[in-house]
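# Coordinate analysis (summary)
The residues making up each chain are set out below.
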Amino acid sequence: MERDGNDYITGDESEPRAQFDGEASVLSSNLFLDHVGEVTLTSNSNGLSWKLVDSLDNDDSTCLGIKFVSKVATEIKLSDIYAVELIHHGSIHLPRLQEARRRLLGHEHEMYRFVVHGVQRSKSQPSFWVLAVYTFGHKSLQTCQLWVNHLNASLSRELGRPRNLLVFVHPRSGKGNGYRTWETVAPIFSRAKVNLKVIVTQRAGHAFDMMSSISNKELNFYDGVVAVGGDGFFNEILNGILSLRHKAPNPPTPSDFIHSVGESGSFLVHDPNETVAESAPNSEDQFPLLSSQKLIESGFSNSRTEDGSNNIDKDPEFPIPNERFRFGIIPAGSTDAIVMCTTGARDPITSALQIVLGKKVRLDIAQIVRWKTTPQSEVEPSVRYAASFAGYGFYGDVIKESEKYRWMGPVRYDYAGTQVFVRHRSYEAEIAYLKVKSEDNDSTAGGGQQVSRKRALGKSEKCVCRVNCRVCSSNAIQKDTGVTGGTPYSRPEETRWLKSKGRFLSIGAAIISCRNERAPDGLVADAHLSDGFLHLILIKDCPHASYLWHLTQLARKGGNPLNFKFVEHHKTLAFTFTSLGNESVWNVDGEVFLAHQLSAQVFRGLISLFASGPEV
Ligand SMILES: Nc1ncnc2c1ncn2[C@@H]1O[C@H](COP(=O)(O)OP(=O)(O)OP(=O)(O)O)[C@@H](O)[C@H]1O
């Protein structure tokens, strides 16, 4: 069958035609597409498109004279293709009419084949990405090979896709499925030809140890590190990388914060040359290593080799923030709030696809400095980084209680939550937080008049963080992060502290919305991935029934858990906490952290994740 003069002939005989369209080469030929029929396949700089050679060949195109538009995809963007591979000789399934005609003409059923692996957005749940597989066939191996080479060359020019990744698998994460989750997604990485170093952890702290001792040279070889596990496991890897490499001042503190070192507003910087003495790990902290570092004076960590020399001195730089290096998470935990906030789905396949396609979002990180573990303890600063949430009181008690029931799997949180709720404990504390300009007029800031204004504006005013979020890409607050970027509080005369003192059921600092299956909109629905703010949520002591109502709102899609008199919501950049009575523990990204007194600050967009942000 001839079409357009000599341009195209049937798939059985056609040869691919390459043309040059400006800079991009355009390849076109007739092939057979599995379950669709004979198509003209064309590739250009945007991707691949195909058209049925003869629509009459398509069984579905007409019926009793009524024309149907085919629902089968007719194109795929290059940015949605993650692999192309030649597969063995075999059959291509064709629509009945084509099949019958080919049989009649005695054409061979089997042909050479290649597969284009890509992604599609799920129609029912747009944040879920599903695998899309297109198998093309042709009688000539050469033709198939030409297409594979052509597409692979195009893919190799796609920017930002990882080639080398370090993968940590927590085999017992969540319901104990960590390893199985990895086995489900591993083929996606091998098809995409990503080189992997996979480490299955043997114990808590294993990933931290490896990430804190890996040389910068080796780290620079990788395009990123992937955690197959939950939020706590990701936190361990995050801390492993940042604890030795992030050079930053201590969080600012008000002048009467008794244990701040130096004058109010003066900062200490991580000094890699500082001498570090090891002390026994604090067994009550979930995090075995960070708390084991006794830090002298300025209190920051260091890395030393056996001969006492400093690893970092000899090592090339591993800058933080790092433009190239990204973190990935394949969800296998009990809560997986970070994955839900950054991909919109709690789905290992979606996460794996966003990693191999090299998606990128920036994420704010909170630096939490503990000054004392008990009222009597020495000033012993110890640093922890958090990506999603740090909470005290109810949140700390639940995580501490739930540790007793780890054997229950994820339901331990519901069980422990009920027990802690029944006890209804409150804790006396003083919080100081930095006033930021937006608190004066921003409808999202809570407390006092702002809360009533927010109530008046209603829920529809919430600006939820989504793909290509404008808030995250604006540079209104901090142009950059940390000391290099110059935080607004780097000039003490410009800072103003506000205080809240009393009995609290809970104190929470959300870095992101913390969406999860128990709280579908998260604790702070309009928190952003990289707006450079901490959302301080202070829940004052209140009657049991009121607190229950708050929790009910939290568990409801579209609920408004912050719309209560006993709830204060402050957007801030830094805060301090001092316990004044009986004590709870802190919950940092789902892990226990003991602190009688701490200071915290946020670094805008400090790290990047292989994720695209939630679609909805
Ligand atoms: N092989 C291991 N055996 C025991 N514990 C481990 C191992 N590897 C990592 N851990 C620790 O288990 C803790 C919890 O892991 P993870 O966050 O994956 O699960 P989770 O608590 O079920 O999930 P989530 O944090 O989402 O609620 C982490 O702090 C990590 O240090």
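Quick caveat, the model's predicted, so the values are computed rather than measured.

Rules and cut-offs
- Residues numbered from 1 in each chain as written.
- Predicted model: local features only at pLDDT ≥ 70, side-chain atom pairs only at ≥ 80, totals over all residues.
- Helix = DSSP H or I, 4+ residues; strand = E, 2+ residues; numbered from the N terminus.
- Buried ≥ 20, exposed ≤ 12 C-beta atoms within 10 Å, placed from the backbone.
- Contact = placed C-beta atoms within 7 Å.
- Near = placed C-beta within 6 Å.
- Nonpolar A, V, L, I, M, F, W, Y, C, P; charged D, E, K, R; others polar.
- Axes fitted to C-alpha atoms, helices over the stretch in contact; angles between N-to-C directions.
- Parallel < 35°, antiparallel > 145°, perpendicular 65-115°, else oblique.
- Left-handed = near helix turned anticlockwise from the far one by under 90°.
- pLDDT = per-residue confidence, 0-100.
- Pairing = 2+ DSSP bridges.
- Core = buried A, V, L, I, M, F, W, Y, C linked by C-beta atoms within 7 Å.
- Domains from an automatic or database assignment.

### Quick notes on the overall build of the protein chain
Tallying secondary structure elements over the protein chain gives 16 helices and 27 strands in all. By residue count, 45% of the 616 residues in the protein chain fall in the buried class. Counting contacts in the protein chain only where the partners sit at least 6 residues apart, residues at least 24 apart contribute 73% of the total.

### As for the site of the ligand
The full set close to the ligand counts 24 residues, and Gly229, Gly230, Gly232, Phe233 and Gly333 are the nearest of them. Ranked by residue count, the leading element in the shell around the ligand is helix α6 (residues 231-245), at four residues. Of the residues belonging to the shell around the ligand, the class tally is three nonpolar, 15 polar and six charged.

### Some words on the packing of helix α10 (residues 394-403) against helix α11 (residues 412-423)
Following both chains from N to C, one finds α10 and α11 inclined at 125°, their axes separated by 8 Å at the closest point. For the element pair α10 / α11, the angle class is oblique. The interaxial crossing formed by α10 with α11 has right-handed handedness. From α10, Phe394, Asp397, Val398, Glu401 and Ser402 reach across to α11, where they touch Arg412, Tyr413, Ala416, Gly417, Gln419 and Val420.

### Considerations on the confidence of the model for the protein chain
Across the protein chain, pLDDT averages 80, with 76% of residues at or above 70. Low pLDDT (under 50) marks residues 286-310, which in the prediction has 72 contacts with non-local residues, meaning those over four places away or in another chain. Taken as a whole, residues 476-486 scores under 50 in pLDDT and shows 20 contacts with residues more than four places along the chain or in a different chain. The ipTM value of the predicted complex is 0.97, and its pTM value is 0.83.

### Looking at the pairing of strand β4 (residues 47-52)
Two faces belong to every sheet, and in a regular strand the side chains alternate between them. Examined bridge by bridge, strand β3 (residues 37-44) and β4 share six bridges and lie antiparallel to one another. The residue of β4 that forms the bridge with serine 43 is leucine 48. Between β3 and β4, which pair antiparallel one after the other, the connecting turn spans two residues. As defined by bridge partners, β4 adjoins strand β7 (residues 75-77) across three bridges and the pair is classed as antiparallel. Bridge pairing in β7 places serine 49 opposite glutamate 75.

### A look at unusual backbone geometry
For the peptide bond that leads from isoleucine 320 to proline 321, omega is 0°, which places it in the cis range. A positive phi angle, near 55°, is found at aspartate 336, a position not held by glycine. Note that aspartate 336 resides in the loop between β16 (326-331) and α8 (337-343). Note on aspartate 336: 29 C-beta atoms within 10 Å, which makes it buried. Of note in the backbone geometry, histidine 424 takes a positive phi value of approximately 50° without being a glycine.

### Looking at the nonpolar core
Membership of the largest hydrophobic core comes to 141 residues, with the highest contact counts inside it found for Ile237, Val356, Ala366, Ala510, Leu534 and Phe575. Counting residues domain by domain, this core receives three or more from each of domain 1 (17-156) and domain 2 (247-319 + 362-603). Residue contacts for leucine 534: discarding those within four places in its chain leaves Ala366, Ala509, Ile511, Thr572, Leu573, Phe575, Ala600 and Val602.

### A few points about the environment of alanine 519
Secondary-structure assignment places alanine 519 in the loop between β21 (497-510) and β22 (534-540). For alanine 519, a count of 23 C-beta atoms within 10 Å puts it in the buried group. Along the backbone, alanine 519 and leucine 551 are 32 residues apart, and their C-alpha atoms lie at a distance of 9.1 Å.

### Considerations on the packing of helix α3 (residues 178-191) against helix α9 (residues 348-356)
α9 packs onto α3 with a crossing angle of 30° between their chain directions and a minimal axis gap of 10 Å. The angle between α3 and α9 falls in the class roughly parallel. Every pair of crossing elements has a handedness; the one defined by α3 and α9 is right-handed. Each of Thr181, Thr184, Val185, Ile188 and Phe189 in α3 lies in contact with α9, whose residues at this interface are Pro348, Ile349, Ala352, Leu353 and Val356. Of the residues in the contact of α3 with α9, the class split is eight nonpolar, two polar and no charged.

### Quick look at α9
Across the nine residues that make up α9, a large majority, eight, are buried. Inspection of α9 places Pro348, Thr350, Ser351, Ala352, Leu353, Gln354, Ile355 and Val356 among the buried residues, and these make up the whole buried set. Positive phi shows up at glycine 358, right after α9, with a value of about 70°.

### Regarding the environment of arginine 556
On the secondary structure map, arginine 556 appears in the loop between α16 (544-555) and β23 (567-572). Note on arginine 556: 13 C-beta atoms within 10 Å, which makes it partly exposed. C-alpha of arginine 556 to C-alpha of arginine 518: the two residues are 38 residues apart in sequence and 8.3 Å apart in space.

### Observations concerning the environment of glutamate 403
Considering the arrangement of structural elements, one finds glutamate 403 in helix α10. For glutamate 403, a count of 13 C-beta atoms within 10 Å translates into the label partly exposed. Spatially, the C-alpha atoms of glutamate 403 and phenylalanine 327 are 27 Å apart, while their sequence positions differ by 76 residues.

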